[in-house]
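Results of the structural survey
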Amino acid sequence: MKYTNALQGKSLICTQDWKKEELDLVLDLALAMKENRYDHHLKDCLKNRTFFMFFYNPSVRTRQSFEAAATELGGHAQFLEPKSMRLKTEKTAGETIEDAAKVMSRYAVGLGVRILEDKIPYYGAGEALIREYEQFSSIPVFSMAHDKYHPFQGLADIMGLKEHLQELKGKKVLMVWGHGGLARSWCSVQEHLLIASRFGMSVRLAYPRGYDLDSDVIEKTKKNCENNSQEFSITHDMDEAYKDVHVVYSRNWMSPEAYQDGEFHKPSEIEKAMKHKEWICDEEKMKLTSHALFIHPMPVDRGNEVTDGVASSSRSIIYDVAENRLHVQKAVMALTMGKY
Amino acid sequence: MKYTNALQGKSLICTQDWKKEELDLVLDLALAMKENRYDHHLKDCLKNRTFFMFFYNPSVRTRQSFEAAATELGGHAQFLEPKSMRLKTEKTAGETIEDAAKVMSRYAVGLGVRILEDKIPYYGAGEALIREYEQFSSIPVFSMAHDKYHPFQGLADIMGLKEHLQELKGKKVLMVWGHGGLARSWCSVQEHLLIASRFGMSVRLAYPRGYDLDSDVIEKTKKNCENNSQEFSITHDMDEAYKDVHVVYSRNWMSPEAYQDGEFHKPSEIEKAMKHKEWICDEEKMKLTSHALFIHPMPVDRGNEVTDGVASSSRSIIYDVAENRLHVQKAVMALTMGKY
Amino acid sequence: MKYTNALQGKSLICTQDWKKEELDLVLDLALAMKENRYDHHLKDCLKNRTFFMFFYNPSVRTRQSFEAAATELGGHAQFLEPKSMRLKTEKTAGETIEDAAKVMSRYAVGLGVRILEDKIPYYGAGEALIREYEQFSSIPVFSMAHDKYHPFQGLADIMGLKEHLQELKGKKVLMVWGHGGLARSWCSVQEHLLIASRFGMSVRLAYPRGYDLDSDVIEKTKKNCENNSQEFSITHDMDEAYKDVHVVYSRNWMSPEAYQDGEFHKPSEIEKAMKHKEWICDEEKMKLTSHALFIHPMPVDRGNEVTDGVASSSRSIIYDVAENRLHVQKAVMALTMGKY
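Described in the following lines is the structure provided in the data block. (Residues numbered from 1 in each chain as written. Chains lettered and ligands numbered in written order. Predicted model: local features only at pLDDT ≥ 70, side-chain atom pairs only at ≥ 80, totals over all residues. Heavy atoms only, no water.)

**Focus: the relation of the copies chain B and chain A**
Our working rule: When the copies are superposed, the least-squares fit takes in the C-alpha atoms of residues with a pLDDT of at least 70 in both. Every residue pair with non-hydrogen atoms within 4.5 Å of one another is taken to be in contact.
Once chain B is rotated about the relating axis by 120° and shifted along it by 0.0 Å, it coincides with chain A to within an RMSD of 0.0 Å. In the structure described here, the two chain copies are related by an operation that fits a three-fold rotation axis. Among all residues of chain B, the minimum C-alpha distance to the rotation axis is found for B:His76, at 4.9 Å. Interface overlap between copies: only 7% of the residues of chain B at the interface are likewise at the interface in chain A, consistent with a contact formed by different surfaces.

**A look at the pairing of strand β6 (residues 202-206) of chain C**
All names here are of chain C. What counts is decided by this rule: Note on exposure labels: buried denotes an accessible area under 20% of the residue type's maximum, exposed denotes more than 50%, and partly exposed covers the range between, all computed with a 1.4 Å probe on protein chains only. A run of DSSP states H or I qualifies as a helix once it reaches four residues; a run of E qualifies as a strand once it reaches two. Both are numbered from the N-terminal end. Two strands form a pair only when DSSP identifies at least two bridges running between them. With the strands pointing away from the viewer, any crossover whose connection runs clockwise from the first strand over the helix to the second is right-handed.
Among the five residues in β6, five count as buried, and that is most of the element. Burial along β6 is two-sided: Ser 202, Arg 204 and Ala 206 and Val 203 and Leu 205, pointing in opposite directions, are all buried. Of the pairings in the sheet, the one linking strand β5 (residues 172-177) to β6 comprises five bridges and is parallel in character. If you follow Lys 172 over to β6, its bridge partner there is Ser 202. Viewed along the sheet, the connection from β5 through helix α6 (residues 187-198) into β6 turns out right-handed.

**Remarks on the interface of chain B and chain A**
Cut-off, in case you're wondering: The term buried area denotes the loss of accessible surface (1.4 Å probe radius) that occurs when two parts are joined, taken as the sum for both partners. Any Lys or Arg side-chain nitrogen located within 4 Å of an Asp or Glu carboxyl oxygen qualifies as a salt bridge. Between N or O atoms, a polar contact is any pair within 3.5 Å; within protein, one atom must be a potential hydrogen donor and the other a potential acceptor, and residues adjacent in sequence are included only when both atoms are from side chains.
Every contact between the two is made by 27 residues of chain B and, on the other side, 34 residues of chain A. Between chain B and chain A, the buried area comes to about 2700 Å², and carbon and sulfur atoms account for 47% of it. Counting the contacts that link chain B with chain A gives five salt bridges. The partner of A:Glu323 in a salt bridge is B:Arg106, with the nearest N and O atoms 2.8 Å apart. Taken together, the connections running from chain B to chain A amount to 15 residue pairs in polar contact (both at pLDDT 80 or more). Of all the secondary-structure elements, those providing two or more residues to the side of chain B that touches chain A are β1 (50-55), β2 (76-80) and α3 (97-107) of chain B.

**Section: the environment of C:Glu163**
All names here are of chain C. Take Glu 163: it is sitting in helix α5 (residues 151-165). The exposure class assigned to Glu 163 is partly exposed, which follows from its relative accessible area of 26%. As for Glu 163 and Asp 320, which are separated by 157 residues in sequence, their C-alpha atoms are 9.3 Å apart. When near neighbours in sequence (up to four residues on either side) are disregarded, Glu 163 contacts Leu 31, Lys 34 and Asn 324.

**As for the side chain of A:Ser202**
Along the chain, A:Ser202 falls in strand β6 (residues 202-206). If we skip the residues at most four places from it in the chain, A:Ser202 touches A:Lys171, A:Lys172, A:Val173, A:Gln230 and A:Glu231.

**Some words on the sheet that holds strand β4 (residues 141-146) of chain A**
One key point about sheets: their strands pair by backbone hydrogen bonds, in either a parallel or an antiparallel sense. Residues and elements named next belong to chain A. We apply this condition: What counts as an axis is a line fitted to C-alpha atoms, over the stretch in contact for a helix, and the angles between N-to-C directions run from 0 to 180 degrees.
One open sheet holds the four strands; their spatial order is β2-β1-β3-β4, and the pairing between them is parallel. This sheet does not close on itself; its edge strands, each paired only once, are β2 (76-80) and β4. Along the sheet, successive strands turn relative to each other by an average axial angle of 20°, direction set aside. Two elements, strand β1 (residues 50-55) and β2, share five bridges in a ladder whose sense is parallel. Considered in β2, the bridge of Phe 54 is made with Leu 80. Each of β1, β3 (110-115) and β4 touches helix α4 (residues 125-136); the most contacted strand, β4, lies at about 165° to it.

**A word on the sheet that holds strand β11 (residues 293-295) of chain B**
Residues and elements named next belong to chain B. Here five strands make up an open sheet; going across it, the order is β7-β6-β5-β8-β11 and the pairing parallel. Each edge of the sheet is formed by a strand with only one pairing partner; in this case those strands are β7 (232-235) and β11. Adjacent strand axes in the sheet meet at a mean angle of 20° when their direction is disregarded. Where strand β8 (residues 247-251) meets β11, three bridges bridge the pair, whose relative direction is parallel. Residue pairing for β11: Val 248 is matched across the bridge by Phe 294.

**Section: the packing of helix α5 (residues 151-165) of chain B against helix α6 (residues 187-198) of chain B**
Residue and element names in this part refer to chain B. Here is the rule: The cut-offs work like this: below 35 degrees is roughly parallel, past 145 is roughly antiparallel, 65 to 115 is roughly perpendicular, and the gaps in between are oblique. Take the far helix as your reference; a near helix turned counterclockwise from it by less than a right angle gives a left-handed crossing, and one turned clockwise gives a right-handed crossing. In the scheme used here, Gly and all other residues not listed as nonpolar or charged are polar, with Ala, Val, Leu, Ile, Met, Phe, Trp, Tyr, Cys and Pro taken as nonpolar and Asp, Glu, Lys and Arg as charged.
For the pair α5 and α6, the least separation of the axes is 8 Å and the interaxial angle reads 50°. By the angle class used here, α5 and α6 are oblique. Once α5 is placed against α6, the crossing between them reads as right-handed. Packed against α5, whose contacting residues are Pro 151, Gln 153, Gly 154, Leu 155, Asp 157, Ile 158 and Leu 161, the element α6 presents Ser 188, Glu 191, His 192, Ile 195 and Ala 196 at the interface. Taken together, the residues that form the contact of α5 with α6 break down as six nonpolar, four polar and two charged.

**A few points about the interface of chain C and chain B**
Contacts between the two partners involve 27 residues from chain C and, on the opposite side, 34 residues from chain B. Between chain C and chain B lies a buried interface of about 2700 Å² when both sides are counted; carbon and sulfur atoms form 47% of it. The interface formed by chain C and chain B includes five salt bridges. Where C:Glu95 meets B:Arg61, a salt bridge forms, and the shortest distance between an N and an O atom there is 3.1 Å. In this structure, the connection of chain C to chain B is made through 15 residue pairs in polar contact (both at pLDDT 80 or more). Elements represented by at least two residues in the side of chain C that touches chain B include exactly β1 (50-55), β2 (76-80) and α3 (97-107) of chain C. Of all the elements, α3(C) adds the most residues to the side of chain C that touches chain B, at seven residues. In terms of residue class, the side of chain C that touches chain B is made up of 10 nonpolar, seven polar and 10 charged.

**A few points about the packing of aromatic side chains**
The condition that has to hold: Any Phe, Tyr or Trp ring, taking Trp's six-membered ring, that has another such ring centre within 6.5 Å forms a pair; planes under 30 degrees apart are called stacked, those over 60 apart edge-to-face, and the others tilted. Two conditions define a charge sitting above a ring: the NZ of Lys or the CZ of Arg must be within 6 Å of the ring centre, and it must be within 35 degrees of the ring normal.
The full count for this structure, using the stated rule, is 36 aromatic pairs over all chains. Ring centres of C:Tyr123 and C:Trp186 lie 4.9 Å apart, and the angle between their planes is 55°; on these two criteria the pair is classed as tilted. With C:Tyr123 in the loop between β3 (110-115) and α4 (125-136) and C:Trp186 in the loop between β5 and α6, this residue pair connects regions lying 63 residues apart in the sequence. Here C:Tyr123 falls in the partly exposed class, since its relative accessible area comes to 23%. Ring-pair connections join several aromatic residues into one group, and the members of that group are A:Phe51, A:Phe66, A:Phe142 and A:Phe152. In this structure, B:Arg49 packs its charged tip against the face of A:Tyr38, placed 3.9 Å from the ring centre. Positioned over the ring face of B:Tyr211 is B:Lys272, at 5.8 Å from the centre of the ring.

What follows is the structure in structure tokens.
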């Protein structure tokens with residue numbers, strides 16, 4: 001494989017911002033790094049270098065896998081939380097994002113930001129914030145999940161599907177809402193719709209009425225499908241949805257009513273979601289599929305989004321996808337900020 | 001010294017789980033690493049590799065020494081706290097330990113867990129939790145102190161005693177309760193009883209009535225002593241206890257009544273302990289010993305467990321033992337997860 | 001340049017404690033490291049080694065730049081917060097600073113401490129604490145900002161001024177109070193007075209009545225100026241102050257009345273400061289200067305201490321100074337604790 005400098009300095013906030021060939025390059029390198037975990041020729045490409053991880057929201061896999069990725073490339077990821085920053089807010093004196101971003105650009109070779117629903121006043125505010133960091137940074141800025149997108153999760157999903165299905169073109173993925181007590185973000189789901197449709201899959205989206213996603217993302221997904229001559233459909237009929245699909249992605253997400261008066265209303269979202277207990281991915285429904293794989297970005301809310309039986313079945317690839325987070329992150333870090 | 005692969009992949013939750021020869025191997029390597037701190041042939045055996053440290057409870061020396069140990073082996077220890085994990089509990093949706101452990105096994109080469117009294121509903125729950133992590137992990141799991149054991153403290157104790165006493169066989173150690181305001185865990189004390197008796201020391205245990213330790217640990221200690229033809233005794237007479245011993249280990253610990261109705265009752269434990277102000281290791285009592293060494297796992301509660309005079313005397317080896325935490329941890333990490 | 005072992009093991013709590021030639025050595029090395037960021041011959045001088053950063057107070061640049069500095073020298077900086085230490089206080093049992101410092105000296109090659117106004121009962125208590133750490137440590141102890149001094153900020157200031165002014169001797173710096181809602185520490189300001197006067201600048205200090213700084217620092221600054229045959233003056237006339245200076249440093253600081261009855265009274269300080277809204281560095285006042293540079297230790301409280309126009313002007317060197325934090329810290333770490 002030929003390594004290129006073409007991606008040096010590039011930010012990644014949504015996979016839709018990158019060309020398909022660029023994403024292919026990432027996936028190829030990620031696979032090579034997975035096959036040769038600790039002994040590839042890029043294992044010191046971040047030596048002596050710092051990557052900042054800025055977590056407005058806590059995280060499990062994202063923190064673990066980004067910090068491990070930097071370590072595996074010979075560098076170091078600094079774990080930063082906003083309580084340890086003194087940023088300006090509407091109510092308190094403090095530093096502007098411009099000042100913070102410009103100084104961080106002097107210390108590090110890259111900056112990851114994570115900001116989700118409960119830290120922002122309205123849907124889209126996280127996207128705006130991360131784009132503002134990008135605007136004032138002279139180093140690559142990554143989304144480590146924000147209200148709208150989760151690019152590294154999308155890349156890990158596609159890497160896992162390629163490993164298990166080989167050819168993605170023409171395969172059908174079902175993205176189906178599941179109930180549960182977590183009022184989850186749209187980011188992983190929306191990123192998956194975009195990247196799956198970019199890679200030639202046909203996309204079926206199923207959810208109870210009232211759980212529409214971002215119409216901008218839906219439009220883009222539709223267009224991606226058209227470009228690949230694939231189908232895109234939305235249904236509210238759960239059983240219909242499972243028929244003949246090759247991949248099932250069951251996941252809870254919040255409704256568009258989650259924000260009211262500039263606040264994220266988690267309890268009312270949970271109450272509403274728990275009324276749809278029939279929306280769970282179980283063995284019966286999986287029988288309707290074309291021997292489908294089960295994928296999920298984790299953490300899995302077992303017993304709500306999906307039964308234990310499905311999540312732990314031989315067709316579940318959740319741990320492989322989780323592992324792939326590490327590999328795609330290493331690949332993107334190496335290509336955008338590595339020295340080689 | 002011959003390095004072996006025999007310990008690769010092995011967990012360490014209590015030193016009693018390991019063979020005596022395995023512990024000897026650790027101590028030999030730890031000593032070699034201490035003599036050649038930054039320039040031994042294993043100094044890059046964790047290069048590019050991640051060790052997860054999962055702290056349900058905060059820590060001083062354990063965090064500092066494990067993170068330093070990983071650094072000194074060329075790797076990186078990630079500091080993780082449960083607030084940054086979203087684990088399932090009885091009350092909240094979240095991730096199972098099975099899912100967490102399986103994914104962490106994909107990212108790291110080892111996992112340390114620390115969980116003490118105040119984070120669990122009954123004695124033994126920490127032991128159960130850490131064994132559950134071990135069951136689902138494909139990488140070594142270490143106890144960084146839990147309610148029952150503290151294996152690396154035990155190893156550091158023995159390393160320190162070997163350095164200062166040379167021969168341990170037949171030497172007498174006194175483990176004596178001290179009063180104080182901390183309602184301390186049984187873990188360091190119980191680990192010491194087990195490992196001191198494994199290494200051929202005779203063990204005297206002294207405490208006020210009402211401060212019995214785990215009977216399972218006492219039985220194992222008794223058996224260890226028998227196997228080495230050494231004495232084991234329990235006394236409630238403080239002065240009698242100090243006579244002719246070679247080592248004094250004075251430490252506060254909670255009573256078996258600390259847990260009631262699924263909660264850890266710290267204030268009542270402290271109140272009860274503070275009634276026994278005569279239980280302090282002081283210069284007078286040390287005169288009864290055979291010029292004994294003073295050891296303690298730190299932090300020392302000076303003025304309660306022990307007087308300043310004893311803790312800072314020339315016979316106190318507390319700083320040497322604390323330093324040894326680093327060396328035994330490096331040795332175990334190198335042997336169980338290092339690449340060489 | 002000749003590297004010397006003369007600084008090995010040396011603490012840095014205030015630049016005034018070091019000889020001028022020693023500070024010159026630091027600045028020369030910092031500049032060399034800046035010119036050759038990732039490829040100088042000291043880039044592995046902390047390999048396998050740990051630097052402890054002990055933050056009683058949170059931090060932005062200090063944490064980022066110290067942790068990055070250790071990474072860039074091949075080592076690792078551990079981020080420690082007092083909540084994860086169990087130190088003795090007047091009210092709770094715990095560990096003495098002597099015990100903590102002696103053990104940390106066994107694990108690491110250096111220790112940085114940050115402690116500011118709101119964590120201490122009176123001005124000077126932070127200085128006393130950090131000197132106590134130094135007394136009991138056998139490794140270098142650094143101030144990462146405390147109530148009295150901020151040596152690395154002072155070094156970064158001077159490095160920035162040298163880069164932009166070349167010759168410092170005889171140049172005039174204005175240190176001027178700015179209003180704002182942060183009740184800021186004296187540390188950066190006082191360190192700057194000392195180091196600017198050491199390097200031959202003449203110093204003008206301007207503030208509203210009631211905002212006197214530490215008289216001990218003022219005396220030392222005066223003496224430094226005398227030694228270099230430079231002027232030192234204090235004025236309460238803002239416009240007079242700006243005339244003909246080459247450098248303007250505008251910064252809010254608390255009044256000497258901030259501490260009362262052993263507590264730091266932030267709200268009353270802010271209320272008092274906000275009455276002096278005319279004390280802001282703006283374009284009009286900058287016109288009175290000799291085309292002065294604007295410097296500030298950041299975070300900048302834009303709109304209070306200084307206008308956006310000045311802070312973002314072509315004469316503002318705030319980002320360069322912020323970047324220099326990294327370089328001077330690398331240089332001091334290499335010289336005091338590096339292996340080469």
